[in-house]
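Commentary on secondary and tertiary structure
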Amino acid sequence: MVNPTDPNFAKDVAGVSKLDRHAILTDARRELALPSRRAFGKRVLTLGGLLMLTGCSLTDDKSVNAFLLKVSRMNDRVQAWLFDPKQLAPTYTEAQLTRPFPFNAYYGIDDVPDVDGSDFKLQVGGLVTGKRTWTLAELYALPHAEQITRHICVEGWSAIGHWGGTPFADFLRRVGADTSAKYVGFKCADDYYESIDMPTALHPQTLLTFQYDGQTLPPQYGFPMKLRMPTKLGYKNPKHIMEIFVTNTYPGGYWPDQGYNWFGGS
Ligand SMILES: Nc1nc2c(c(=O)[nH]1)N[C@H]1C(S)=C(S)[C@@H](COP(=O)(O)O)O[C@H]1N2
Ligand SMILES: [Mo]
């Protein structure tokens, strides 16, 4: 625990003045930018306060990065704590759909993975009693639900889309998932991977989707399946899922491992 009366704390704050206080605080603020309906961020945003909370010293670039990572992990914990598993994201009507719905990935549309549905098998493993593979025909036969919700991308756009698929909580129970485990992880047909907290995995609007706007999910939107979570930012919603696993070991994610906040609530 850092104590502001401790001589080391004075040293930390002095160390910061050699670095760019303003830039560090801007980055820390970005890390703490919690979903707007939550006021938490406004209270604790002094650099000294954040240093106290994280117990960090800022003396060089490496320590600044470690500090920002701690702020981001703190943000994950606050978001997980604030997450209400029963609170529903807004839904919209057919007339409000964004047409055409945008495509986005870490590559251009010409490089969308070409997954062959005929011999496709979804792998389900980790902390589940029913480790096995699933064909698309088996997945399509699961209970069906639809949603029209807003997808929000951190790159500064949002769009209303219409997805169809199976409630993910039911699927997890069907495969005998240990729902007291911390994470559900996903591996995709491209180099993408993601993981989510169990309460979000069990949220009633979290769907394993196989359809977009009443049609088989087209390649650009994630054929053969996309996990759709209207409570999370776009990058948390993996497309082209090939493998799903339940684990207590933090699996990270493609963007979170490059500095995006892991919880990624919207
Ligand atoms: N496999 C995979 N899933 C992914 C991505 C990706 O590059 N690969 N990009 C993410 C991001 S940042 C966004 S905004 C959405 C875009 O989904 P869309 O193409 O259906 O709009 O997919 C997410 N899931
Ligand atoms: Mo995104």
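In this text the structure is predicted, and so the values were computed from the model without any measurement.

Digging into the site of ligand 1
As a structural note, the neighbourhood of ligand 1 is formed by 21 residues, with Pro102, Asn104, Asp190, Asn237 and Lys239 the closest of them. Asp190 is positioned with one of its side-chain polar atoms (N or O) 2.8 Å from a nitrogen atom of ligand 1. With respect to ligand 1, the side chain of Lys239 contributes an N or O atom lying 2.6 Å from an oxygen atom. About the coverage of ligand 1: the protein hides 99% of its 540 Å² of free accessible area. When each cavity is represented as a set of grid points, ligand 1 is found to reside in the second largest pocket. Split into classes, the residues belonging to the shell around ligand 1 amount to 12 nonpolar, six polar and three charged.

Quick look at the side chain of Asn237
Relative to the helices and strands, Asn237 resides in the loop between β9 (226-228) and β10 (241-247). The exposure class assigned to Asn237 is buried, which follows from its relative accessible area of 4%. Polar side-chain contacts of Asn237 include one of 2.8 Å to the backbone nitrogen of Met229. There is a polar contact of 2.9 Å between the side chain of Asn237 and the backbone oxygen of Leu233. Ignoring anything within four residues of it in the chain, the contact list for Asn237 reads Lys226, Leu227, Arg228, Met229 and Lys232.

Quick word on the layout of surface pockets
Computed from the structure, the largest pocket encloses a volume of approximately 450 Å³. In this structure, the largest pocket is lined by 22 residues; those nearest its centre are Arg30, Glu31, Gly259, Tyr260 and Asn261. When residues of the lining of the largest pocket are traced back to their parent elements, those giving at least two are α2 (21-32) and α5 (61-82). A domain split of the lining of the largest pocket shows at least three residues from each of domain 1 (7-82) and domain 2 (94-258). A volume near 360 Å³ is recorded for the second largest pocket. Along the wall of the second largest pocket there are 25 residues; nearest its centre are Asn104, Ala105, Gly234, Tyr235 and Lys239.

A few points about the UniProt feature "domain: Oxidoreductase molybdopterin-binding" (unreviewed entry) in the chain
Sites flagged by UniProt as "domain: Oxidoreductase molybdopterin-binding" (unreviewed entry) map to residues 111-255. For the annotated span residues 111-255, helix accounts for 11% and strand for 39% of the residues, and the straight-line distance between the end C-alpha atoms is 18 Å.

Notes on the sheet that holds strand β1 (residues 122-126)
As a general point, the strands of a sheet are linked pairwise by backbone hydrogen bonds and lie either parallel or antiparallel. With mixed pairing, the five strands of this open sheet are ordered in space as β2-β1-β10-β5-β6. Single-partner strands in this sheet number two, and they are β2 (132-134) and β6 (193-197). The sheet shows a mean angle of 20° between the axes of neighbouring strands, taken without regard to direction. As judged from the four bridges shared by β1 and β10, these two strands associate in the parallel manner. When the sheet's bridge partners are listed, Val124 is paired in β10 with Ile244.

A closer look at the environment of Ser57
Within the element layout of this structure, Ser57 appears in the loop between α4 (47-54) and α5. The sequence separation of Ser57 and Asn8 amounts to 49 residues, and the corresponding C-alpha distance is 8.6 Å. Excluding residues that lie within four positions of it along the chain, Ser57 makes contacts with Asp12 and Ser63.

Some words on the nonpolar core
The biggest cluster of nonpolar side chains holds 29 residues, and the ones touching the most others in it are Leu122, Phe168, Phe171 and Val184. Residue assignment for this core shows that the elements contributing at least two residues are β1, α6 (136-140), α7 (168-174), β5 (183-188), α8 (198-201), β7 (207-212) and β10. Each residue touching Leu122, except ones within four places of it in the same chain, is listed here: Arg132, Thr133, Trp134, Leu139, Phe171, Met225, Ile241, Met242, Glu243 and Ile244. Core analysis: the second largest hydrophobic core is formed by 17 residues, Val16, Ala28, Leu45 and Val71 among them.

Focus: α4
The complete set of buried residues in α4 reads Leu47, Gly49, Leu50, Leu51 and Thr54. On its buried face, α4 is in contact with α1 (7-18), α2 and α5. Immediately downstream of α4, the backbone of Gly55 shows phi near 65°, a positive value.

Quick notes on the rules
Residues numbered from 1 in each chain as written. Chains lettered and ligands numbered in written order. Predicted model: local features only at pLDDT ≥ 70, side-chain atom pairs only at ≥ 80, totals over all residues. Heavy atoms only, no water. Near = heavy atom within 4 Å. Polar contact = N/O pair within 3.5 Å; in protein donor to acceptor, adjacent residues only side chain to side chain. Areas by Shrake-Rupley, 256 points an atom, 1.4 Å probe, with all protein chains shown as cover. 1 Å grid on protein atoms, 1.4 Å probe; cavity = no way out; pocket = protein on both sides within 12 Å on 5 of 7 lines; lining within 4 Å. Sits in = over half its atoms within 2 Å of the grid points. Nonpolar A, V, L, I, M, F, W, Y, C, P; charged D, E, K, R; others polar. Helix = DSSP H or I, 4+ residues; strand = E, 2+ residues; numbered from the N terminus. Buried < 20%, exposed > 50% of the residue type's maximum accessible area, 1.4 Å probe, protein only. Contact = heavy atoms within 4.5 Å. Points joined across faces, edges and corners; volume = space filled by probe spheres on them. Domains from an automatic or database assignment. UniProt positions renumbered as here; feature names shortened; annotations may be inferred. Pairing = 2+ DSSP bridges. Axes fitted to C-alpha atoms, helices over the stretch in contact; angles between N-to-C directions. Core = buried A, V, L, I, M, F, W, Y, C linked by side-chain atoms within 4.5 Å.

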